[in-house]
Amino acid sequence: MKREFTGQYEGKNRTKPIYVGDLVTLTIPRKSRLPDLVFFKVVKENGGFIIIYYSGPMHVGDPLYKQELNFQVFKVVGNVETGIDENLLE
């Protein structure tokens, strides 16, 4: 199955593309910070792309549960099919 490119890239270096279904962080991911990291899932909504809460210390009532996908994404750390790749948390 071909993944849909969102037209955006991770971090400021613009090196890795972001696709629908990717799991992303908004801050620098480190394994030592794993319990405190919030992960978001990239989804398509109303012809655009957003990120919604996937896992971490947040709840659905948080106003940042759902956000626009923009250059705030720091790093792609996996996707919904394979989960979070802890090797990318360095």
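Residues numbered from 1 in each chain as written. Predicted model: local features only at pLDDT ≥ 70, side-chain atom pairs only at ≥ 80, totals over all residues. Heavy atoms only, no water.

## Digging into the sheet that holds strand 7 (residues 75-79)
Moving on, step 1. In space, the six strands of this open sheet follow the order 6-5-4-3-7-8, with antiparallel pairing throughout. At either margin of the open sheet sits one strand with a lone partner, and together these are strand 6 (66-68) and strand 8 (83-84).
Moving on, step 2. Of the strand pairs in this sheet, strand 5 (residues 48-55) and strand 6 are connected by three bridges, and their pairing is antiparallel. Along strand 6, the bridge assignment pairs Ile50 with Glu68. (Pairing = 2+ DSSP bridges. Helix = DSSP H or I, 4+ residues; strand = E, 2+ residues; numbered from the N terminus.)

## Some words on unusual backbone geometry
Moving on, step 1. Despite not being glycine, Asn46 shows a phi value in the positive range, around 50°.
Moving on, step 2. Looking at the secondary structure, you find Asn46 in the loop between strand 4 (39-45) and strand 5.

## What about the packing of aromatic side chains?
Moving on, step 1. Counted by the stated rule, this structure contains three aromatic pairs.
Moving on, step 2. Ring geometry for Phe5 and Tyr9: centres 5.5 Å apart, planes at 65°, overall edge-to-face.
Moving on, step 3. Each member of the aromatic cluster is reached from another via a ring pair, and the members are Phe5, Tyr9 and Tyr19. (Phe/Tyr/Trp six-rings, centres within 6.5 Å; stacked < 30°, edge-to-face > 60°.)

## With respect to the pattern of salt bridges
Between side chains of opposite charge, a pair can form as their charged atoms come close.
Moving on, step 1. If you walk through the whole model with that rule in mind, you get three salt bridges.
Moving on, step 2. In this structure, the salt-bridge partner of Lys44 is Glu4, at a minimum N-O distance of 2.9 Å. Of this pair, Lys44 sits in strand 4 while Glu4 sits in the segment before strand 1 (5-9), and the two are 40 residues apart along the sequence.
Moving on, step 3. Looking at Lys44, the relative accessible area reads 45%, which means it is partly exposed.
Moving on, step 4. Between Lys66 and Glu45 there is a salt bridge whose closest N-O contact spans 2.9 Å. Of the two residues, Lys66 is situated in strand 6 and Glu45 in strand 4; the sequence distance between them amounts to 21 residues.
Moving on, step 5. For Lys66, a relative accessible area of 44% translates into the label partly exposed. (Salt bridge = Lys/Arg side-chain N within 4 Å of Asp/Glu carboxyl O. Buried < 20%, exposed > 50% of the residue type's maximum accessible area, 1.4 Å probe, protein only.)

On their own, these measurements won't tell you what the molecule is for.
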